[in-house]
Structures are given as structure tokens and as C-alpha cells.
Amino acid sequence: MPSPPALSPNPKSPLPKMQPDYLERTYAGVLGKIIGVYLGRPFEGWSHAEILDKLGEVDYYVNDRLNVPLVVTDDDISGTFTFLRALADYGNSSTLTPEQIGQTWMNYIIENRTILWWGGLGMSTEHTAFLRMKHGIMPPSSGSIEKNGQVVAEQIGAQIFIDGWGLIHPGDPERAADFARRAGSVSHDGVAIHCAQIVAALVAQAFVESDLDRLIDSAIRYIPRDSLIQRMISDIREWHAEGLDWKAGFNKIEGHYGYDKYGGNCHTVPNHAIIIHALLHSRGDFQRALTIANTCGWDTDCNSGNVGCIMGVRNGLSGINSGPDWRGPIGDKIYLPTADGGRCISNAVTETFHVINAARALRDLGPVSPKGGARFHFELPGSVQGFHGANCQVSNVEGHSALGSRALSIQYNELAAGTYAKAQTDTFPSPDAKKMGGYDLVASPTLYSGQTIRARVVADSQNETVVIVALEIGRYGEDDGIHAFDGSSETLFPGDAAELEWTLPDIGAYPIAEVGIKVLADQAISGAVYLDYLTWEGAPNVVFMKTEGTSWKSQWVCGVSEHATWGEPFRLVQNEGTGLLMTGCREWTDYRVEASVTPHLVVTGGIAARVQGMKRYYALVLVRGGGVRLIKALDGVSVMAEASFTWQLGETHELAIEVCGSCIKGFVNGQLTLEVEDNDCPLTGGGVALILTEGRMATTEVRVHPLLS
């Protein structure tokens, strides 16, 4: 057995104060993570020799050379920012347990579809851990050597998902390493846990320590002194001290700690060696660290992502900006495909604020919500939050804001009369994004009919003419292309500002794919306008039904065995356990959802509201054998209320749920049947779902409406 760790965290010691630049450095860490992953993903798994032969030293994005997209779904990103949600979901408690993090896995992961590499039992470490938890073996046993064997338990996965636990503990590597142990034990054990602890500690300490040797010293204090990882890091540091260049140092790593020395598909030891090696030889430069991590080969996106996060925190935004344009091509974009489909379309700014608000909650501080909680606020330097321009250039600038300090500049030149420029951001995957391949891109739109969009726009004081600005959305159509719809508009004189507001009308069952600002020209113009913020709010008012094309179906996140569309458009099959077909967003709070459901051979079947994933929701279900129940799923399923109700398989019944604050009402065939107050850890928001346990159920449409006042 290994000796005890040299240091253990003291949970009663006070949390360090957050540094004045904590927000900006966290943003740099998030950017570093996604830049590193996007850089390394196109040649993941290549050897060092193959990379040099086909690509040379990798010092910038190579996706165009390999004819693949740059911004993609990737487990390194989706796992990192999804599993960190355990904190918010469990009250931001410092006593968060491995089992609660495991429950977070089971809530957001859809089996065989999202986040993980689904390689099979004993092949994929994460898939193996998922199956253990599915069958009741919870963390830390789910990832243990005892259950899964040493080779499976010591693959790379623990460290690739771990950066967030360092980001929430700035200057506190002890707690970062401790949380990394808890999170890593869901799926891994042994030296894989040690590697995860070191990465998290490196991220945490990089907020306050720039010397790379001292940074590594601080991180290795939290793993056993006789760990293989201690010995390996000591060897790498010795080779570096001898003056070997990074290529000669890599040859040493390959000879002593290469893939041929360790079993499995992607062992943590060789890849952790690359992280330490890249840091030591980086000379403190962000680009050089990524060049080394990627050119060495092996699990390039994972290693590059970890190195990018560490160096992003250490060097800050200026360190990222000092090299080539890493940020422009990605535009902050992130995909997080999970069972909470409304969080799929995200960006580095949004995820940064989730991280820092978790850190603040651990310190009993309130959340930070720039510009009154606006979804797009552009308050972080250089941020564009996924916005891109057509016939214009977009950039982040200081000033032009009534509620903050920055805005999005929309610069247009020689715009001809009768034409337009627009700046927009995705609210649902674009047609091109759906073709990316690799990990499944499952998502729900973030914007729906009935919701109200608000934006503030400022015309540059140096504009030579008036300019017309309008809100615009892009909606999928029957041809599966995107079609534009204009909303409210204003004419702005130079220096003027306007607040635009538009409650979206019924635009049918097609998903809304993008939203933004359009600049219209009735004469040839050049100039600029500034988007201070853009946001939306309110309950949706939408009827989900079958339409022409395929987009109507793709906005539903499939957590059932099969969603067929022949016969009824929502013909659902669940072969084992409980499945959900979900859409909507966590921001939905008070609303009514209704559907006429026809159960066939189900144990239970019905509708759900405030759905936050596969394991967190309220539901109204018909129970086979007679009866109707209001249930709550939260770390298990509890019956909140039930009543007798006679029904037969094959019959159609109208079900409805109203959620308003803590009050949950269930209606059957238009009659209020069940009503409860949930004051015990209530679910305050979430989307809707069709839900069934073992069997087949069908409906033709699902309706979601605001509550009548």
C-alpha cells in the first residue's frame, strides 16, 4: 500500500481570498482549456513521429490542413464543465461527496450518447464506471482498482476532466487536490487519481505562482511520496536540468514511461509526463507550452487542454494574446452536449461565470451577474460570446455601455443601399455543426416563441448618417435551412442609443438557431454600432409537433431507447428503466406543459416539468394497474402525491403539469387531480419531457405555455 500523502487538506481552515484578477484569470484558464483541446483534437492519438512527418511542429491550429472543423464536441470540454455542476446542484457545499459527483454523472450523461467514449465494459474506463453506478455501485467503488482492475482504473480520464476543481480554488492547491480526489474517484483509482490531483493543484496555484519549478513543487505535495508519479516527475525534472532540449527530453520519456510500458488504450502515466514536460520546457510561454504538448503526440487534445488551462491561468489573457490569434477563430464557442440540452450551446464567458460563482458560493459570497444578468454582456476583455459577423466585423471594445464597461463593436464599411450587416450568435446547432462527427451533438434551443428579447444598441458618435438597427432571429425551416425573421427596429442618429424589445410570436415548431442585431442601409453607409447587451426572459409559448424537415425532431434530447416518428411523431420506446425525451432550458421556471399521451405496455408514462437531466425533474405519470402520481426525481424517485384513476393501455388521456414557485399541480383530462407544495430542496427551473418506464408511449404534440395571471 502507498504511504499516506505528505499533506492533507484541513477542511476547517479558512478559504483564501480571491485575487483581484481572479475573474480575468479564470476566463484565461477556460480559454486555455478549449484552445488546447481544439488545437490537439484533429490529430489525437498520433505518435510523435507521425506528427513531425505529416504536420511538423504544431504551433497553431491545423484543422484546415486536415479538413476538419475547429470547434467541436469533445469529452475533455463537456466532462470538465458538466461534472463541475455537482457543486451548484448540491448547494455549493464544501462537503460535496464522491457519490454526489457520481449522481451528477448519472443525471447529465445519456447512456451511449453523450460526454463519454462509449468503448464498453473494461475497454473504456468511464463507460465501465457508468455501468457500475447504473447497477448501484456508487463512488468511490465505481472507479476502484478492486472493482475494475489496475489497468482500467489508471487510464487518463480522471485528469482530463479535472481543471475546473482547480479553477474554483484559486491559490488553494490543497483543496483543489482534495476535490480532484473526490471527483476522480468516480471513475478512476491509483496513479490516475494522483495525476488528477496534480493537475488541479497546478491550476489552483497558477493563480498566485508564476515560477514553474515552484508551481510543480506545490502540486506534488498532495500525492504519496512513494507514488510512481513522484518518481516520474523527478526524472523529467532531472532531464530538464541536464539541459536536454524538449525533443531529447521526450525521447527519454518515451523510453522510460512510454505507452509500451503501460496497458490499456490511453494510460495516464505517459500523458501526465507530457504535461510536466511541456510546462518545464515552455519558458513560461503559452504558445511554446502548447507546441510541445501537441508535437509530443499521444492523447494530444487531453494533454494540450490541461496545459492550456494551467498556462492560461498563469499567464492571463495577455499571455494568450501575445502570440498568434488563438481567440478569433473560436470566438469563445463551446458545445456541452448533455441531458440538460439547454446548456449545450455555451461559450467561454458563460462557463467562466459558472465557475467563479461556484467559487464565490463556497465563500458565502453572492453571484456576479454583469449588466443585470444579461446572457450576452461582453464584460470580459476580448470576449465575443459566439457572435460573428456577416458584412461586418465584430470585436470587443471598451465603453459604449450603460451598465458595464465594455460592448461588442459591429463595424461595417461601404454597406450598399438596400443591403444589411448583422452580428449573430447561435442558439441551437447550425447545419454545419450537426455534420461535425465525433461525439454526439445533442441540444435544445436556448430561445423559444413567447420569450422576450431585449438589447441595447449604441450608434457611434462619428457615424456620418443615421442607421437602422433591428433585432433578428434565424429559424430552421422545412428545407432544414435557416430563415431570417426581423423584429423591432430603431433609427439611430450618431451617438444615439436605443433599447430594443421583441416578444417572439408563434413561429411554428421549428427551432430557433440564432439571434442577433441587423444593421440596415437605405443609402451607402460606413460606421459602427455597439451592442451593449442582449438577453431574453419569460416562459415559452410553443407547440411542439411534427413539421416538414428534420429539425423539429433534433431539438429534442433523446434519453429513451428509441424515438420513432412513424405513426405518431412522438412514438417512444424504453427497453429498460426510465427514459425521457427532453427539450427546454434550466431558465424556465413557472409554466404549464400539457400533452395527450397514449401508453402502450408501460409501467408508468406521462409528462415532466422543470427537467434538469435524466435524474432531476417533476413528473405526472399514469401508473399501470390504475392510478396517477406526481413524482419528484432527485437522488432517487419519491411519490409526492397520488390518486386512484382507472385507465387502460391504448387509451389516450390529456395530462398537464403547472409549476409555480413551490406549487406543483397535476391535471388529468382537464381536472385538477393532484397538488403539492415542495419546500424540501425544490427544483426551481428546467425544461419539459415525455417520460416512460419500460414500454411504449405516444403523443402527437407537446404544448408549453405561460401561466395565466
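Residue indices follow the written sequence of each chain, beginning from 1 at its first position. Given that this is a predicted model, residues contribute local features only at a pLDDT of at least 70 and side-chain atom pairs are listed and counted only at 80 or more, while totals for whole chains, interfaces and linings are drawn from all residues. The side-chain figures draw on all heavy atoms in the structure; neither hydrogens nor water molecules are used.

Caption draft 1: Highlighting the overall build of the protein. A run of H or I in DSSP becomes a helix once it reaches four residues, and a run of E becomes a strand once it reaches two; helices and strands are each numbered from the N terminus. In terms of regular secondary structure, the protein is built from 21 helices and 26 strands. In summary, the protein has a C-alpha radius of gyration of 26 Å against a globular reference of 27 Å for 709 residues, a match within 12%. Principal-axis analysis of the C-alpha atoms places the extent of the protein at approximately 80 × 70 × 50 Å. Taking all 709 residues of the protein together, the buried fraction comes to 60%. The contact criterion used is simple: two residues touch if any of their non-hydrogen atoms lie within 4.5 Å. For the protein, the share of sequence-separated contacts (at least 6 apart) that also reach a separation of at least 24 residues comes to 73%. Surface accessibility in these figures is a Shrake-Rupley result with a 1.4 Å probe; residues are shielded only by whichever protein chains are displayed. Accessible area of the protein: about 25600 Å², with a carbon and sulfur share of 47%. For the radius of gyration, the atom set is restricted to C-alpha positions; the globular benchmark scales as 2.2 Å times the number of residues to the power 0.38. For the exposure calls, accessible area comes from a 1.4 Å probe over protein chains only, and a residue counts as buried if that area is under 20% of its type's maximum, exposed if over 50%, partly exposed in between.

Caption draft 2: Structural detail: the environment of Tyr591. Following the sequence through the fold, Tyr591 ends up in strand β17 (residues 591-600). Judged by relative accessible area, Tyr591 falls into the buried class, the value being 0%. Taking the C-alpha atoms as reference points, Tyr591 and Asn541, 50 residues apart in sequence, are found 9.2 Å from one another. If we skip the residues at most four places from it in the chain, Tyr591 touches Ala539, Ala609, Arg610, Ile657, Glu658, Val659, Gly686, Gly687, Val688, Val704, His705 and Leu707. Engagement of the side chain of Tyr591 in a polar contact is seen with the backbone nitrogen of Arg610, the distance being 2.7 Å. Here a polar contact means two N or O atoms within 3.5 Å. Within protein one must be a hydrogen donor candidate and the other an acceptor candidate, and residues neighboring in sequence count only if both atoms are side-chain atoms. Side-chain polar atoms of Tyr591 contact the backbone oxygen of Gly687, separated by 2.8 Å.

Caption draft 3: Structural view of the layout of surface pockets. Put simply, the second largest pocket is a space of about 720 Å³. At the level of secondary structure, the elements contributing two or more residues to the lining of the second largest pocket comprise α5 (98-108), α6 (125-134) and β16 (570-583). The biggest single contributor to the lining of the second largest pocket is β16, with 5 residues. Here a cavity means grid points, on a 1 Å grid over the protein atoms only, where a 1.4 Å probe fits yet cannot get out; a pocket means an open set of points with protein on both sides within 12 Å along at least five of seven lines; lining residues are those with an atom within 4 Å of a point. Grid points are joined across faces, edges and corners, and a volume is the space filled by probe spheres set on the points.

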